[in-house]
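What follows is the residue order along each chain.
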Amino acid sequence: MADVYNKAKRSEIMSKIKGKHTSPEIRLVLLLKELGLKPQQHRKDLPGCPDAVLFRKKIVLFVNGCFWHGHKNCSRASLPNTNRVFWQTKIEKNIRRDASQCRKLRKRGWHVLTFWTCKPLTRTILTSRLRRYIS
Ligand SMILES: [Zn+2]
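Since the structure is predicted, the reported quantities are computational estimates derived from the model, not experimental observations.

**Regarding the layout of surface pockets**
In step 1: The volume enclosed by the largest pocket comes to roughly 590 Å³.
In step 2: Counting residues per element, the ones that place at least two in the lining of the largest pocket are α2 (23–34), β2 (59–64), α4 (84–107) and β3 (111–116).
In step 3: Here the lining of the largest pocket takes nine residues from α4, the largest share from any one element.
In step 4: By residue class, the composition of the lining of the largest pocket is 10 nonpolar, 10 polar and seven charged.
In step 5: Reported here for the second largest pocket is a volume of approximately 180 Å³.
In step 6: Taken together, Gly36, Leu37, Lys38, Gln40, Leu54, Phe55, Arg56 and Lys57 form the lining of the second largest pocket.
In step 7: Taken together, the residues of the lining of the second largest pocket break down into three nonpolar, two polar and three charged.

Below you can see the structure in the form of structure tokens.
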């Protein structure tokens with residue numbers, strides 16, 4: 001279907017959308033749609049408010065920022081030299097919260113897929129991670 005907006009209007013709309021979402025999140029949703037899936041977003045009723053939810057397939061997907069979520073052995077997750085204790089405490093708290101949300105989701109029967117922003121998400125990566133759960 002042709003876009004109902006002209007190029008300038010569309011780009012204005014898209015830039016407004018960008019402010020609300022982080023762009024890796026948009027990428028994830030677009031890729032899922034490309035694969036013919038129907039992702040839902042902002043399901044606040046689910047632990048951790050996943051970035052995308054495939055409701056019927058019982059799959060939740062997260063795109064985690066390496067720093068805030070403390071990606072293990074990742075250069076993007078290294079702590080700043082100032083206020084080190086503060087940052088360490090904060091990030092460790094986030095890691096514990098992520099783990100607890102993940103446990104809650106799995107207990108409710110959800111498959112949890114986590115992606116990290118240090119690795120650009122591609123269709124190939126997404127497809128291979130989904131293959132386990134989608135035939
Ligand atoms: Zn990382």
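**Concerning the nonpolar core**
In step 1: Counting residues in each nonpolar core, the largest one holds 16 residues, and the members touching the most others are Leu28, Leu32, Leu54, Leu61, Leu126 and Leu130.
In step 2: Those elements giving two or more residues to this core turn out to be α2, β1 (52–54), β2, β3 and α5 (123–130).
In step 3: Tallying contributions element by element places α2 first for this core, with four residues.
In step 4: Residues within four places of Leu130 in sequence aside, it is in contact with Leu32, Leu35, Leu37, Leu54, Ile59, Leu61 and Leu113.
In step 5: Counting residues in each nonpolar core, the second largest holds eight residues, with Leu46, Cys102, Trp110 and Val112 among its members.

Here is what the cut-offs are and how they apply
- Residues numbered from 1 in each chain as written.
- Predicted model: local features only at pLDDT ≥ 70, side-chain atom pairs only at ≥ 80, totals over all residues.
- Heavy atoms only, no water.
- 1 Å grid on protein atoms, 1.4 Å probe; cavity = no way out; pocket = protein on both sides within 12 Å on 5 of 7 lines; lining within 4 Å.
- Points joined across faces, edges and corners; volume = space filled by probe spheres on them.
- Helix = DSSP H or I, 4+ residues; strand = E, 2+ residues; numbered from the N terminus.
- Nonpolar A, V, L, I, M, F, W, Y, C, P; charged D, E, K, R; others polar.
- Core = buried A, V, L, I, M, F, W, Y, C linked by side-chain atoms within 4.5 Å.
- Buried < 20%, exposed > 50% of the residue type's maximum accessible area, 1.4 Å probe, protein only.
- Contact = heavy atoms within 4.5 Å.

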